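# Fold and geometry: a report
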Amino acid sequence: MSNPLPFALTDATHTAAHDDGLARAWSVLESVPDPEIPVVSIRELGILRAVERSPDGTLEVVITPTYSGCPAMAHIAEDVAHTLERAGLTPHRIKTVLAPAWTTDWITDEAREKLRTYGIAPPSGRSASPSASGTGEQAIRFVPRAASAVSPPACPHCGSVHTERLSQFGSTACKALYRCLDCREPFDYFKPY
């Protein structure tokens, strides 16, 4: 599955070629793990959206939370700041941007595999279809998908799709708690949205 990334990540190599500081920033920020799922980086999850140079020369890092109330964002911003400071990339500014809203579609294929290996079922399918307007903008859905349209997540331990949801919320609000009915192991499922 290709991941349509509607932000500067797709232009990182081109932009960075003109500014060694940007290239170094992208490189060092690749190592910043998500504090709740340390096997994936904030870049792999799509939380890291852009690294740019502002008109005043300040390095600007744009991050977006997985959901608007994510308690890990302050920690992520601190980790980004410490990483940039250790690399000598100052001055810098970290901006949290809520629009467009983060989507599980921004999780890279590599991160999906890392989640599965870690014991978390990655989101299945795509959260949204491409917009009719071609702008990449999506209408917000306040009504859950029909149950028949959603297939159960595969167990990250044994691969079985014979699973059941135990709770809409798992270890964090962006995950649901499931159990495999074959191997009987519980697991988190990263909810697609």
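To start, this report covers the structure provided alongside it.

About the thresholds
Residues numbered from 1 in each chain as written. Predicted model: local features only at pLDDT ≥ 70, side-chain atom pairs only at ≥ 80, totals over all residues. Heavy atoms only, no water. Helix = DSSP H or I, 4+ residues; strand = E, 2+ residues; numbered from the N terminus. Buried < 20%, exposed > 50% of the residue type's maximum accessible area, 1.4 Å probe, protein only. Contact = heavy atoms within 4.5 Å. Areas by Shrake-Rupley, 256 points an atom, 1.4 Å probe, with all protein chains shown as cover. Pairing = 2+ DSSP bridges. Phe/Tyr/Trp six-rings, centres within 6.5 Å; stacked < 30°, edge-to-face > 60°. Salt bridge = Lys/Arg side-chain N within 4 Å of Asp/Glu carboxyl O. Axes fitted to C-alpha atoms, helices over the stretch in contact; angles between N-to-C directions.

## Overview of the overall build of the protein chain
Within the protein chain, the regular secondary structure consists of five helices and seven strands. Starting at the N terminus and walking to the C terminus, you meet the elements of the protein chain as α-α-α-β-β-α-β-α-β-β-β-β. Here the protein chain, with 193 residues, has 42% of them falling under the buried criterion. A sequence separation of at least 24 residues applies to 55% of the contacts in the protein chain between residues at least 6 apart. Summed over its atoms, the accessible surface of the protein chain is roughly 10,200 Å², and 55% of this surface lies on carbon and sulfur atoms.

## Some words on the pairing of strand S7 (residues 186-190)
Along S7, four of the five residues are buried, which leaves the element largely enclosed by surrounding structure. Relative to S7, strand S4 (residues 120-121) runs parallel, the two sharing two bridges. Its bridge partner lying in S7, Ile120 is registered against Asp188. Pairing geometry for strand S6 (residues 175-180) and S7, over five bridges, is antiparallel. Paired with Arg179 across the bridge in S7 is Pro186. Where S6 hands over to S7, the hairpin turn is made up of five residues, of which Arg184 adopts a positive phi near 70°.

## As for the packing of aromatic side chains
Under the definition given, this model contains four aromatic pairs. Relative to Phe190, the ring of Trp102 lies with its centre 5.9 Å away and its plane at 45°, an arrangement referred to as tilted. With Trp102 in the loop between strand S3 (92-96) and helix H5 (109-118) and Phe190 in strand S7, this pair connects stretches of sequence that are 88 residues apart. For Trp102, a relative accessible area of 4% translates into the label buried. With a relative accessible area of 1%, Phe190 lands in the buried category. Ring centres of Tyr178 and Phe187 lie 5.8 Å apart, and the angle between their planes is 25°; this geometry places the pair in the stacked category.

## Here's the deal with the sheet that holds strand S5 (residues 163-167)
Pairing in this open sheet of four strands is mixed, and the strands run S4-S7-S6-S5 from one edge to the other. The sheet terminates laterally at S4 and S5, the two strands that pair on one side only.

## What to know about the pattern of salt bridges
Counted by the stated rule, this structure contains seven salt bridges. Taking the shortest distance from any N to any O, the salt bridge between Arg93 and Glu60 comes out at 2.9 Å. Of this pair, Arg93 sits in strand S3 while Glu60 is found in strand S2 (residues 59-63), placing the two residues 33 residues apart along the sequence. Exposure remark for Arg93: the relative accessible area of 33% places this residue in the partly exposed category. Relative accessible area serves as the criterion here: at 11%, Glu60 is assigned to the buried category. Salt-bridge contacts for Glu60 lead to Lys95; the nearest nitrogen and oxygen are separated by 3.7 Å.

## Regarding the sheet that holds S2
The strand order across the open sheet built from three strands is S1-S2-S3, with neighbouring strands paired in mixed fashion. Strands at the two margins of the open sheet, each flanked by one partner only, are strand S1 (48-53) and S3. Strand-to-strand, the axes of this sheet are offset by a mean angle of 20°, without reference to chain direction. Two elements, S1 and S2, share five bridges in a ladder whose sense is antiparallel. Bridging from a neighbouring strand, Ala50 pairs with Val62 of S2.

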